[in-house]
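Each chain, written out:
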Amino acid sequence: MFGNYLKIAWRNIRNSKMYSLISISGLAVGIACCLLILLFVQNELNYDRFHEKAERIYRVTYGFQLGSQAREISVTPTIVGPMLKRDFPEVTEMVRVFEVNNFGPSIVSYGSKKFQESRFMFGDSTMFSIFSFPFVQGDPETAISRPGTIVLTESTARKIFGSENPLGKTLKVDNTRDFEITGVVADLPSNSHLQFDYMASFSTLRQSQREIWGSANYFTYVLTNSPGNTAALNKKIAERIAEYTKEMSGSNPVPIVKLQPLSDVYLHSKHLDGGARAKGDIGYIYGFSVLALLILVVACINYMNLATARSSRRAKEVGMRKVLGAQRNTLISQFFGESMIITGISMLLALILVQLFLPAFNLFIGKTLSFNFINNPEVLVLVLVVGFLVSIVAGSYPALFLSRFQPAAVLKGEVKRSGGAVLFRKALVVFQFGVSVFLIVGSLVVDSQLSFLRNKKLGLAKEQMVIVPIGDRETIGNLSTIKNELMRDAGVLGVTASSSIPGKVMGGYSVAAEGLPEGENPPTTGWIVDKDFPSVLDLELIAGNTFQETFIPEKGYDYVINESLARRIGWQPEEAVGKWLNVLGNRMGRVIGVARDFHFRSLHNEIGPLALFISPRNFEYLMVKIAPENIVATMGHIDRVWAKLVPYRPFEYTFLDQEYEGLYRAEVRSGQLLTVFTLLAIVIACLGLFGLAAFTAEQRTREIGIRKVLGASVGSIILMLSKDFGRLIVLAIVLASPLAYWIMNNWLQNFAYRIDVSWLTLIAAGIAALIIAIGTITYQAVKAALTNPIKALKYE
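Predicted model only: the values in this text are computed from it and were never measured.

Engineer: I would appreciate a short explanation of the overall build of the chain in the present structure.
Structural biologist: Secondary structure summary: the chain contains 25 helices and 24 strands in total. Taking the contacts inside the chain whose residues are at least 6 apart along the sequence as the reference set, 80% of them involve residues at least 24 apart. For the chain, the computed accessible surface area is about 35900 Å², with 57% contributed by carbon and sulfur atoms.

As structure tokens, this is what we get:
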């Protein structure tokens with residue numbers, strides 16, 4: 001039976017080469033797009049699931065209830081992990097992780113080799129018993145149990161030592177501390193939210209000796225004795241935390257400590273994460289999953305439309321089979337079998353396309369996805385499921401439609417086009433181009449929002465600003481000399497230093513201030529800068545003065561605050577100057593100036609309260625403002641000064657405008673993917689429309705010949721053939737535009753600063769879809785209109 005189906009399917013493919021090519025190529029491209037998107041989705045959903053104990057690992061989040069709002073972050077004080085292990089039998093183990101990159105990269109030296117490393121972490125000795133990072137060398141139980149010990153990844157060990165055995169060798173970090181290498185782990189999977197090249201022992205840090213509630217700078221993870229029941233445990237933790245704070249000082253507000261499942265960390269974190277940890281968004285996963293489904297459905301519609309449109313060609317075959325005793329179920333099975341054969345051919349072509357384009361796709365999205373059935377058996381399941389769904393969806397309506405023909409009517413030549421079938425085909429065309437319109441609107445809105453983010457005035461200077469990591473005591477101690485030497489070149493317009501890169505400022509504090517009731521300590525961001533910071537970054541002062549001198553402990557702190565902090569405390573800018581302010585942590589001082597609000601974080605966030613103050617020991621980055629002329633010569637001067645005064649640290653730099661662009665990398669990547677797959681969806685839809693237009697022109701060949709004999713012009717015939725499809729496209733535009741407006745407007749709510757979805761965007765998308773569709777139809781319409789009427793009248 002299957003052999004018979006195969007022969008019939010092959011005969012139909014051979015007899016209708018153009019229509020078969022359109023169906024198979026459309027399905028192949030659609031399936032390939034779907035598989036690539038689903039590979040990406042699978043990778044995102046599998047973050048951190050490779051750990052053997054993943055279901056029992058939780059990250060601890062920390063925060064405070066401040067009025068009606070809860071502020072929650074993903075780092076905790078040092079006390080939280082030990083306290084959870086001591087006080088809750090459900091918690092069997094804990095590990096604290098300190099990410100150095102939050103405070104600038106580290107310098108790792110071995111002999112004459114020096115490396116500036118941004119993926120340097122410290123972890124408790126339990127790190128490798130909780131997380132499943134396989135060891136290549138060393139003992140995971142004891143590798144970082146002693147102070148001054150460190151574990152490297154395999155590629156890092158190879159970079160530093162080549163083929164030498166690294167165990168037992170010593171690395172110097174930041175020119176101050178020595179670390180003995182006690183282990184080497186395999187390179188971390190790309191779908192791990194924890195990404196490190198160096199994991200040093202937490203006991204090396206002096207902070208490890210103190211359990212305090214202040215200074216929330218440490219990621220804390222716990223291992224529980226069983227998975228699930230997080231809500232009950234979180235409730236118990238909240239009760240115990242309230243007791244803790246009451247016993248200690250009766251402090252208000254009470255800290256909020258919660259457990260977050262490890263599998264939720266990557267895609268479900270809306271915390272103020274900084275640094276190098278990977279972070280995704282479940283919203284994009286839903287969006288791309290829907291996109292994959294839409295593209296697949298559009299491809300299936302091509303097959304369904306062409307199969308039913310050409311039904312009259314197979315009517316006699318169905319009639320003869322029924323006369324010879326074939327039951328409807330048998331015919332349904334036959335047509336489903338043919339659909340599966342065509343789907344199988346399309347699937348093979350799709351697999352070839354995936355293999356060909358996967359390297360470029362990986363480069364495009366910055367991942368290393370694998371299309372390997374052996375290493376990733378889920379891929380095989382994915383392929384089988386997609387193939388089965390396509391066979392069922394694409395083959396269902398043609399099979400049911402063709403198998404219902406009545407043999408008597410067919411053999412008498414009385415088969416007419418079913419009004420219901422024609423209406424259904426029109427509905428499918430409307431759906432196809434509705435999807436296309438929706439995707440075009442989405443691409444235009446995303447592109448416009450990204451353009452807005454790139455061009456919005458930030459309130460500070462970000463062009464021609466060179467960022468150089470410093471962060472070690474020797475460089476900070478020599479900072480005045482470095483600045484003076486750099487300023488000797490006319491191309492250097494200013495030099496300053498700070499604790500964070502603009503756009504990535506994360507320091508959270510609470511403040512006490514003159515005029516606030518006792519115990520009311522609103523949150524603010526604290527940004528440590530040097531005295532030249534406001535002038536070098538062109539901050540606009542609206543009251544008071546900027547910093548006049550560096551920090552003198554005996555005098556207390558000078559603060560330059562922004563409008564938002566003044567407003568939160570209840571000060572007018574002019575009256576804020578001279579008021580006392582304490583950024584808690586014993587930083588008593590006075591406000592010397594108020595700066596106009598500027599964007600110190602990404603435009604996802606509204607501008608919040610900010611206090612600038614000087615604390616040289618916390619400087620992590622040098623910022624050099626250079627002239628736009630002779631940039632190469634100026635960079636050469638900076639390089640020479642660095643080699644002379646900071647020979648122990650590699651000269652590695654970036655530009656501030658590049659750092660700001662990096663804040664929107666996820667949106668840029670998503671926008672580019674959406675654009676590419678929108679174009680492919682439009683191509684697939686146009687293939688189907690091209691086939692339908694060709695078939696319509698073929699069916700009306702005799703009518704066209706008669707019209708031409710009676711004097712119809714070429715233009716009128718083109719209009720006649722195009723207007724029906726044109727109406728469908730216009731209907732698709734009308735139906736899709738409101739939905740696209742609503743969905744894209746919801747997406748824009750992720751940004752505190754955003755564009756409005758303009759009706760001009762919807763009109764432009766509609767016009768683009770209409771032009772593309774009419775252009776597709778016109779070829780077949782012109783070809784039919786130019787046909788010799790004599791040949792047309794002889795047709796059939």
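Engineer: Looking at this structure, how should I read the environment of Lys 85?
Structural biologist: Positionally, Lys 85 belongs in helix H3 (residues 80-87). Judged by its relative accessible area of 37%, Lys 85 falls in the partly exposed class. The spatial distance from the C-alpha of Lys 85 to the C-alpha of Val 95 is 10.0 Å, given a sequence separation of 10 residues. Each residue touching Lys 85, except ones within four places of it in the same chain, is listed here: Val 91, Thr 92, Glu 93 and Met 94. For Lys 85, the side chain forms a polar contact with the side chain of Glu 93, separated by 2.9 Å.

Engineer: Before we go on, may I ask you to explain the side chain of Thr 776 in this structure?
Structural biologist: Here Thr 776 is to be found in helix H24 (residues 759-785). A polar contact is formed between the side chain of Thr 776 and the backbone oxygen of Ile 772, at a distance of 2.8 Å. Once you skip the residues sitting within four places of it in the chain, Thr 776 turns out to touch Cys 686, Leu 689 and Phe 690.

Engineer: Which parts of the structure should I look at to understand helix H19 (residues 631-645)?
Structural biologist: Residue pairs three or four apart in sequence face the same way in an α-helix, which turns once every 3.6 residues. With 15 residues, H19 extends 21 Å from end C-alpha to end C-alpha; this agrees with the ideal 21 Å at 1.5 Å per step. Among all positions of H19, only Thr 634, Met 635, His 637, Ile 638, Val 641, Trp 642 and Leu 645 are buried. Buried residues of H19 fall within an arc of 155° about the axis and therefore sit on the same side. Exposed side of H19, more than 90 degrees from the buried face: Val 632, Arg 640 and Lys 644 are the residues found there. Looking at the buried positions of H19, the neighbouring elements they touch are strand E14 (465-469), helix H15 (479-486), strand E15 (492-498), strand E23 (621-626) and strand E24 (654-655).

Engineer: It is not clear to me how H15 should be interpreted in this structure. Could you clarify?
Structural biologist: By the burial criterion, the buried members of H15 are Leu 479, Ile 482, Lys 483, Glu 485 and Leu 486. The buried residues of H15 occupy one face: seen down the axis, they fall within an arc of 165°. Away from the buried face of H15 by more than 90 degrees, exposed residues Ser 480 and Asn 484 are located. Taken together, the buried residues of H15 touch helix H14 (473-477), E15, E23 and H19.

Engineer: Any chance you could explain the side chain of Arg 96 here in plain terms?
Structural biologist: For Arg 96, the location among the structural elements is in strand E3 (residues 91-99). Overall, the relative accessible area of 6% leaves Arg 96 in the buried class. At 3.2 Å, the side chain of Arg 96 forms a polar contact with the backbone oxygen of Thr 78.

Engineer: Would you mind going over the packing of helix H23 (residues 714-748) against H24 with me for this structure?
Structural biologist: Helix-helix packing is characterised by the crossing angle of the two axes and by the distance between the axes. Where H23 meets H24, the axes come as close as 8 Å, and the angle between the chain directions of the two elements is 155°. Overall, the two elements H23 and H24 adopt an arrangement that is roughly antiparallel. Viewed along their axes, H23 and H24 form a crossing whose handedness is right-handed. Judged by residue contacts, Val 714, Ile 717, Ile 718, Leu 721, Ser 722, Phe 725, Gly 726, Ile 729, Val 730, Ile 733, Ser 737 and Tyr 741 of H23 engage Leu 762, Gly 766, Ala 769, Leu 770, Ala 773, Ile 774, Ile 777, Ala 781, Val 782, Ala 784 and Ala 785 from H24.

Engineer: Can you walk me through the pattern of salt bridges in this structure?
Structural biologist: A side chain with one charge can pair with a side chain of the opposite charge if their charged atoms come near. In the structure shown here, the tally under the stated rule is 23 salt bridges. Arg 146 serves as the salt-bridge partner of Glu 180, at 3.2 Å between the closest nitrogen and oxygen. One end of the pair, Glu 180, is in strand E10 (residues 177-185); the other, Arg 146, is in the loop between strand E7 (135-138) and strand E8 (149-153), with 34 residues separating them in the sequence. According to the relative accessible area criterion, Glu 180 is partly exposed, its value standing at 30%. When its relative accessible area of 42% is taken as the criterion, Arg 146 is described as partly exposed.

Conventions we followed
Within each chain, residue numbers correspond to sequence positions counted from 1 in written order. This being a predicted model, a pLDDT of at least 70 is required before a residue's local features are given, and a value of 80 or more before pairs of side-chain atoms are given or counted; all residues contribute to the totals for chains, interfaces and linings. Side-chain metrics in this entry use all non-hydrogen atoms of the structure; hydrogen atoms and water are not considered. In DSSP terms, a helix is any run of H or I states spanning at least four residues, a strand is any run of E spanning at least two, and both are numbered starting from the N terminus. In what follows, residue pairs with any heavy atoms lying within 4.5 Å of each other are defined as contacts. Accessible surface area values rest on a Shrake-Rupley calculation with a 1.4 Å probe, where residue burial reflects the displayed protein chains alone. Note on classification: 1.4 Å probe, protein chains only; a residue is buried when its accessible area is under 20% of the maximum for its type, exposed when over 50%, partly exposed between these limits. Pairs of N or O atoms are called polar contacts if they sit within 3.5 Å, as long as, within protein, a hydrogen donor faces a hydrogen acceptor (for residues adjacent in sequence, only side-chain-to-side-chain pairs). In a helix, the anticipated span is given by 1.5 Å times the number of residues less one. An arc is given here, and it is the one of the directions from the helix axis to the C-beta atoms. Orientation is described by axes fitted as lines to C-alpha atoms, over the contacting stretch for helices, and by angles from 0 to 180 degrees between their N-to-C directions. Working definition: roughly parallel below 35 degrees, roughly antiparallel above 145 degrees, roughly perpendicular at 65 to 115 degrees, and oblique for all remaining angles. Note: crossing handedness is left-handed where the near helix turns anticlockwise from the far helix by less than a right angle, and right-handed where it turns clockwise. Basic side-chain nitrogens of Lys or Arg form a salt bridge, by our definition, when they fall within 4 Å of a carboxyl oxygen of Asp or Glu.

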